[in-house]
Amino acid sequence: QVYRTLGLNQSEIDEYFTGPAFLAWNRMGNLRGWAGPLPPAWHLKQLYLQYRIVERMRSLGMTTVLPAFAGHVPRGVLRVFPHVNATRLGGWSHFDCTYSCTYLLDPEDPMFQVIGTLFLKELIKEFGTDHVYSADTFNEMTPLSSDPAYLSRVSNAVYKSMTGADPEAVWLMQGWLFQHQPDFWQPAQVRALLHGVPLGRMIVLDLFAESKPVYQWTESFYGQPFIWCMLHNFGGNHGLFGTVEAINHGPFAARRFPNSTMVGTGLVPEGIEQNDMVYELMNELGWRQEPLDLPGWVTRYAERRYGTPNAAAAGAWRLLLRSVYNCTGVCVNHNRSPLVRRPSLRMDTELWYNASDVYEAWRLLLSAGAELGSSTTFRYDLVDVTRQAAQQLVGDYYLSIRRAFQSHALPELLTAGGVLVYDLLPELDNLLSSHSLFLLGRWLESARAVATSDREAEQYELNARNQVTLWGPSGNILDYANKQLGGLVLDYYGVRWSLFVSALVESLNSGTPFHQDQFNQAVFQVERGFVYNKKRYPAVPAGDTLEISRKLFLKYYP
């Protein structure tokens, strides 16, 4: 509405916004246009959804946060206002200027205040306000200058565009940029950006505080209030993971920090619907005075989760607590298992925990099946732990495949490759397909359900497929948002592994070296083919989770 009011035409707006699966990166100036344009019905449905969200939040006494103007604008703004001072930013991540290199309006240009204030006034007119606004001008984007005076002016201009519409405005800002580009954000630069806003009128999210806290090296954000946040998950990846010791102690250490300005705790995962236990734990810590006794807590957690005490289940959870959930040091949770990565001869199979703890937890959970099998949460956890065990096994088979290839042992290569491609991966796919929360069909059908026409449904499905696979037109951030879903394991990861094993066998048979570049070109056709295959996947589970897990266990338990 604001861009149209300013005189932009529809095609200029269409070339700016990305498709729904990539809007977060559009808002932060990283991407434009990719997987778009947004249909008119999308805006309308989002508007009504927003009314309902805002109404529900306020009825529960929650403070809503509205998005403010961060300075990123469509190219059309330069046509309508040829004299504005806007800079074209560089490409973001592995994207070139086809879908990146957005325009940033100079915060000191008068148009910045005009657009920023106009936008907020429209939002407030539509939704009312609780006076908190979010804006991220430099998320993974390097500012034009490192001059502290410039950085102060920038943050002051962003803040002024908020107060122009709402004198009581408080700016909520992600603190990710400071730990993401520490070479640029030295103490002087951080202080300048933070001090461009009156103390107390900005709240900083210390976004990755469990692994890379920023408050410690910025004197508690130089006096601005901050929220100690657990990021935990990147890309909505499946994979058991947690840093329980860091989250059990971190918030309390932050409160005791000299002149601490911490005002709360937060959860800021890139994707949810995984590792429920970690979120239960973090949510509980906000109400505590001191760290918990974790083994005791997780024993009670198992009882609460399944509705009844069970020694085997509690034992399984204590093993998971000390292994997968206890990553220490700087832990960054991107699932790098060979299962969900494009195959090569240089894959990472390292674990931060003892694999045998997961196998033993799997055995214990299965043994509790007779007593707990009717619990929906138990069945979910059984899939998840079995999935993790299978993920570990894929890593082992990969190592066998690589060893066999490197020592020119064709029979061993055929055996290990055959088991992986023709048994382990199909069995894992069967397991995932037995639970509604692990279905590719559910992921795709929920995207299609938003559509108001067949054409929209196809666009939304392509968005959903691309996000979990290629993440961009050409695998720009390949497998960043990998998921382990029934249908995806067989038709995407499985097909890749089949192609890889075949290529290695062919190489040994013909005596010609294996070329990764050639393989990458061939496998990209497979990956892209999956995104566009139009196959409909069941959105209803099939098979008995307990039975399939038991079958896998009898075959593969090491």
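One can find the structure itself at the top, above this paragraph.
These lines cover the structure that appears in this document, whether it is placed above or below. Note that the structure is a prediction, hence the values are computed from the model and not measured. Residue indices begin from 1 for each chain and proceed along its sequence in written order. For this predicted model, a pLDDT threshold of at least 70 governs which residues receive local features, and a threshold of 80 or more governs which side-chain atom pairs are given and counted, while totals over whole chains, interfaces and linings are taken from all residues. Side-chain measures here rest on the full set of heavy atoms in the structure, leaving out hydrogens and waters.

Remarks on the state of the cysteines
Working definition: a disulfide is two cysteine sulfur atoms within 2.5 Å of each other. Tallied over the full model, the rule gives two disulfides. Bridging Cys 97 to Cys 101, the disulfide has an S-S length of 2.0 Å. Sign of the S-S torsion, about -70° for the bond between Cys 97 and Cys 101, identifies this disulfide as left-handed. Only protein chains enter the calculation, and the probe is 1.4 Å; a residue is then buried if its accessible area is under 20% of its type maximum, exposed if over 50%, and partly exposed in between. Residue Cys 101 is classed as buried on the basis of its relative accessible area of 1%. One disulfide bridge connects Cys 327 with Cys 331, the sulfur atoms lying 2.1 Å from each other. Since a negative S-S torsion denotes a left-handed disulfide, the Cys 327-Cys 331 link at about -95° is left-handed. Take the cysteines of the protein chain that form disulfides and number them in order along the sequence; they join up as 1-2, 3-4.

Digging into the pairing of strand β7 (residues 202–206)
Across the five residues of β7, five count as buried, placing the element largely inside the fold. Helix numbering and strand numbering both begin at the N terminus, where a helix is a DSSP run of H or I of at least 4 residues and a strand a DSSP run of E of at least 2. Residues Met 202, Val 204 and Asp 206 line one face of β7 and the alternating positions Ile 203 and Leu 205 line the opposite face, and both faces are buried. As defined by bridge partners, β7 adjoins strand β8 (residues 226–230) across three bridges and the pair is classed as parallel. Bridged to Val 204 within β8 is Phe 226. Only strands joined by at least two bridges in the DSSP assignment are considered to pair.

Focus on the pattern of salt bridges
A pairing counts as a salt bridge when a side-chain nitrogen of Lys or Arg comes within 4 Å of a carboxyl oxygen of Asp or Glu. Under the criterion given, the structure shown has 26 salt bridges. With a closest N to O distance of 2.9 Å, Lys 555 and Glu 427 form a salt bridge. Here Lys 555 is found in helix α23 (residues 545–556), whereas its partner Glu 427 is found in helix α18 (residues 410–433), with 128 residues between them in sequence. Of the charged contacts in the structure, one is a salt bridge between Asp 479 and Arg 496, with a shortest N-O distance of 2.9 Å. Here Asp 479 is found in the loop between α20 (454–468) and α21 (488–510), whereas its partner Arg 496 is found in helix α21, with 17 residues between them in sequence. On the accessibility criterion, Asp 479 (1% relative accessible area) is buried.

Some words on the sheet that holds strand β9 (residues 262–267)
The strand order β1-β5-β6-β7-β8-β9 describes an open sheet built from six strands, whose pairing is parallel. Taken across any chain shown, the strands that pair with only one partner, and hence form the sheet edges, are β1 (65–67) and β9. Taken over all neighbouring pairs, the strand axes of this sheet differ in orientation by 30° on average, direction set aside. Relative to strand β5 (residues 132–134), β1 runs parallel, the two sharing three bridges. Among the inter-strand pairings, Leu 66 is bridged to a residue of β5, identified as Tyr 133. The strands touched by helix α11 (residues 244–256) are β8 and β9; relative to β8, the strand with the most contacts, the crossing angle is about 170°. In what follows, residue pairs with any heavy atoms lying within 4.5 Å of each other are defined as contacts. For helices, the fitted line uses only the C-alpha atoms of the stretch in contact; every axis is such a line through C-alpha atoms, and the angle between N-to-C directions lies from 0 to 180 degrees. Strands in contact with helix α12 (residues 276–285) are β8 and β9; relative to β9, the strand with the most contacts, it is inclined by about 165°.

Regarding the packing of helix α15 (residues 355–367) against α23
It is the contact of α15 with α23, at a shortest axis distance of 11 Å, that shows an interaxial angle of 135°. Classified by the interaxial angle, the pair formed by α15 and α23 is oblique. Crossing angle aside, the handedness with which α15 passes α23 is left-handed. Residues Trp 362, Arg 363 and Leu 366 of α15 lie in contact with α23, whose contacting residues are Leu 546, Ser 549, Arg 550, Leu 552 and Phe 553. By the convention adopted, Pro, Cys, Tyr, Trp, Phe, Met, Ile, Leu, Val and Ala count as nonpolar, Lys, Arg, Asp and Glu as charged, and the other residues, Gly among them, as polar. Per-class residue counts for the contact of α15 with α23 are five nonpolar, one polar and two charged. Roughly parallel refers to an angle under 35 degrees, roughly antiparallel to one over 145, roughly perpendicular to one between 65 and 115, and oblique to any angle outside these ranges. If you view the pair so one helix is near and one far, a crossing is left-handed when the near helix is turned anticlockwise from the far one by less than a right angle, and right-handed when it is turned clockwise.

Brief notes about the environment of Val 298
If you trace the backbone, Val 298 turns up in helix α13 (residues 294–306). Using a relative accessible area of 0% as the deciding quantity, one classes Val 298 as buried. With 23 residues separating them along the chain, Val 298 and Leu 321 place their C-alpha atoms 7.5 Å apart. Those residues in contact with Val 298 that lie beyond four places of it in its chain are Met 277, Trp 317, Arg 318 and Leu 321.

Some points on the packing of aromatic side chains
When the centres of two rings from Phe, Tyr and Trp lie within 6.5 Å, Trp using its six-membered ring, the rings pair. Their planes under 30 degrees apart give stacked, over 60 give edge-to-face, and anything left gives tilted. For the coordinates displayed, the defined rule picks out 41 aromatic pairs. Pairing Trp 362 with Phe 553 gives two aromatic rings, centres 5.1 Å apart and planes at 85°, and the pair type is edge-to-face. One end of the pair, Trp 362, is in helix α15; the other, Phe 553, is in helix α23, and 191 residues separate them in sequence. In this structure, Trp 362 and Phe 553 share a single accessibility class: buried.

Regarding the nonpolar core
Nonpolar side chains in soluble globular proteins tend to be buried together. Core analysis: the biggest nonpolar cluster contains 184 residues, and Phe 178, Trp 228, Met 277 and Trp 471 have the highest contact counts within it. It is helix α17 (residues 376–406) that provides the largest number of residues to this core, a total of 13 residues. The definition of a nonpolar core used throughout is a set of buried Ala, Val, Leu, Ile, Met, Phe, Trp, Tyr and Cys residues joined through side-chain atoms within 4.5 Å.

A word on α11
In a regular helix each residue adds 1.5 Å, so 13 residues correspond to 18 Å; α11 covers 19 Å between its end C-alpha atoms and thus fits that length. What α11 keeps buried is the set Val 244, Ile 247, Asn 248, Gly 250, Pro 251, Phe 252 and Ala 254. Packed against the buried residues of α11 are β8, β9, α12, α13 and α14 (311–322). Given a helix with a known number of residues, its expected span is that number minus one, times 1.5 Å.

Here we look at the side chain of Thr 18
Tracing the backbone through its elements, the reader meets Thr 18 in the loop between α2 (10–14) and α3 (23–27). At 3.3 Å, the side chain of Thr 18 forms a polar contact with the backbone oxygen of Phe 22. Whenever a nitrogen or oxygen atom comes within 3.5 Å of another N or O atom, the pair is scored as a polar contact, on the condition that within protein one atom can donate a hydrogen and the other can accept it, and that pairs from neighbouring residues in sequence are kept only if both atoms are in side chains. Only 3.3 Å separates the side chain of Thr 18 from the backbone nitrogen of Leu 23, close enough to count as a polar contact. Here Thr 18 is in contact with Leu 23, Asn 26, Leu 31, Arg 32, Gly 33, Trp 34, Ala 35, Gly 36 and Leu 38, once residues within four sequence places are set aside.

Brief notes about unusual backbone geometry
Peptide bonds are mostly trans, and most non-glycine residues show a negative phi. A cis geometry characterises the amide bond from Gly 36 onward to Pro 37, with omega recorded as -5°. A positive phi angle, close to 60°, is found at Asp 479, a residue other than glycine.

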